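# Examining the three-dimensional arrangement
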Amino acid sequence: MGLNILPVLRKKYKMYAPTRKTLNLFDKTEVRSYLSDNKFDVILHCANPNPVKNSEYDKSETMFEDSLRMFMNFCDAGNLYGKMIYVGSGAEYNKTMDIKSVKEEECFRSMPTESYGLAKYIMNKLSHTSNNIYNLCVFGCYGPYDYHTKFITHCINSCLKEEPVTIRQECRFDYIHVYDLARIMEWMIDNEMKYHMYNASGNSPCFLSEIAGEVLRQMNSRQPVKILHEGLNLEYTSNGNRFFTESGVIPKISIKDGIAMQIAWQSNGNEL
């Protein structure tokens with residue numbers, strides 16, 4: 001996500017993007033020293049332990065602890081920066097239940113049972129009691145630099161390889177293009193916010209099969225779409241009206257246009 005957002009925000013702001021080698025987010029002293037030295041107006045905390053890209057996070061217990069540790073190192077140093085905007089997840093609404101056009105007021109309706117969602121749930125609790133920490137709750141985000149296991153990336157790669165497009169189980173999902181996510185972040189950077197949590201909604205939920213069908217149509221592919229498990233999986237969609245009403249910023253990139261952009265990107269051999 002950071003790789004996508006940085007080029008957009010750097011057009012307007014002076015950005016620092018330390019790598020894991022230059023800043024250890026798990027080290028409280030190192031984080032505090034870095035913040036004290038640089039005196040940032042805004043922190044954008046987009047880092048997450050990723051069990052797909054990093055094999056050291058294959059245990060849920062480690063991912064839970066590491067997620068919270070990174071967040072708490074920033075949280076405890078809250079007096080050293082203006083405000084922090086961190087990336088939350090729809091998982092904090094508890095994915096064992098239908099998450100259907102969910103509103104921020106429902107954020108604590110049920111405690112998640114899996115580690116990732118529980119970590120985000122706790123972060124959200126803490127942000128609500130803070131003075132300067134804000135949760136940008138992202139459900140489905142896509143764009144350049146996406147990992148090959150991401151769904152839209154997978155659909156495009158399947159067509160490029162002339163292979164069937166597979167879907168584990170049909171589901172209604174909420175995607176937002178990363179460039180629209182960057183526009184949301186830009187508004188949050190520049191403005192005082194009324195709330196400590198905002199859903200980042202693409203404003204056009206759709207079924208995974210519809211997304212696969214659009215990819216096939218745009219790529220003129222005759223490959224079949226294979227759904228591996230029958231029935232509908234739990235819905236995963238959000239209501240973004242809180243942010244849209246307050247900011248006036250609404251998504252510009254439709255799922256159709258976003259898919260076209262992603263096809264152009266991947267067709268040129270650009271993928272992780």
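Above this text is the structure in question.
To keep things clear, this report deals only with the structure shown in the data block.

Cut-offs and rules
Sequence order as written defines residue numbering, which begins from 1 separately in each chain. For a predicted model such as this one, the threshold for reporting local features is a pLDDT of at least 70, and the threshold for listing and counting side-chain atom pairs is 80 or more; totals across whole chains, interfaces and linings nevertheless cover every residue. In computing side-chain values, all of the structure's heavy atoms are included and hydrogens and water are not. The helix and strand labels rest on DSSP assignments: H or I over at least four residues marks a helix, E over at least two residues marks a strand, and numbering proceeds from the N terminus. Exposure categories follow from relative accessible area, calculated using a 1.4 Å probe and restricted to protein chains: below 20% of the type maximum is buried, above 50% is exposed, and the middle band is partly exposed. Only heavy atoms enter the contact rule, under which two residues are in contact if any of them lie within 4.5 Å. Residue-level accessible areas treat just the shown protein chains as cover; the underlying method is Shrake-Rupley with a 1.4 Å probe. The rule for a salt bridge is simple: a side-chain nitrogen of Lys or Arg has to be within 4 Å of a carboxyl oxygen of Asp or Glu. By the convention used here, strands pair only if DSSP detects at least 2 bridges between them. Here the axes come from fitting lines to C-alpha atoms, over the contacting stretch only for helices, and the angles between their N-to-C directions go from 0 to 180 degrees. Buried Ala, Val, Leu, Ile, Met, Phe, Trp, Tyr and Cys residues that are joined via side-chain atoms within 4.5 Å together make up what is termed a nonpolar core.

### Focus: the overall build of the protein
On a plain count of helices and strands, the protein comes out with nine helices and 12 strands. Counting only C-alpha atoms, the protein reaches 55 × 40 × 40 Å along its principal axes. Within the protein, the fraction of its 272 residues that count as buried is 48%. Of all intrachain contacts in the protein linking residues separated by at least 6 positions in sequence, the fraction that spans at least 24 positions is 80%. Of the accessible surface of the protein, which amounts to about 13,800 Å², a share of 49% is contributed by carbon and sulfur atoms.

### Points about the pattern of salt bridges
Pairing between side chains becomes possible if they bear opposite charge and their charged atoms approach one another. Enumeration over the complete set of coordinates arrives at 10 salt bridges. In this structure, Glu214 and Arg217 form a salt bridge, with 2.6 Å as the shortest nitrogen-oxygen distance. Residue Glu214 and its partner Arg217 are located together in helix H7 (residues 208-218), separated by three residues, close to a single helical turn. In this structure, a network of salt bridges that share partners links the residues Lys12, Glu186 and Asp190.

### Observations regarding the sheet that holds strand S9 (residues 197-200)
Each strand in a sheet pairs with another by means of backbone hydrogen bonds, the pair being arranged parallel or else antiparallel. Taken in spatial order, the four strands of this open sheet run S1-S2-S4-S9, and their pairing is parallel. The open sheet terminates on both sides in strands that have one partner only, identified here as strand S1 (42-45) and S9. Sheet twist, expressed as the average angle between the axes of neighbouring strands with direction ignored, equals 20 degrees. Where S1 and strand S2 (residues 83-89) come together, four bridges link them in parallel fashion. Bridging across to S2, His45 finds its partner in Tyr86. Lying over the sheet, helix H4 (residues 115-128) contacts S2, strand S4 (133-138) and S9, oriented at roughly 150 degrees with respect to S2.

### Comments concerning the environment of Leu118
Assignment of secondary structure puts Leu118 in helix H4. Owing to a relative accessible area of 21%, Leu118 belongs among the partly exposed residues under this scheme. Sequence-wise, Leu118 and Tyr93 are 25 residues apart; in three dimensions their C-alpha atoms are separated by 9.1 Å. Those residues within four positions of Leu118 in sequence are excluded, and the remaining contacts are Phe64, Met111 and Pro112.

### Overview of the side chain of Glu214
The class for Glu214 is buried, based on a relative accessible area of 16%. In contact with Glu214, other than residues within four places in its own chain, are Lys256 and Ile259.

### Some points on the nonpolar core
Soluble globular proteins tend to bury their nonpolar side chains together. Formed by 29 residues in total, the largest nonpolar core has its most connected members in Tyr93, Phe151, Ile152, Tyr175, Leu208 and Ile211. Secondary structure elements with two or more residues in this core: strand S3 (99-102), helix H5 (151-160), strand S6 (165-170), H7 and helix H9 (255-267). Judged by nonpolar contacts, the second largest core, of 24 residues, contains Ile85, Leu136, Met185 and Val249.

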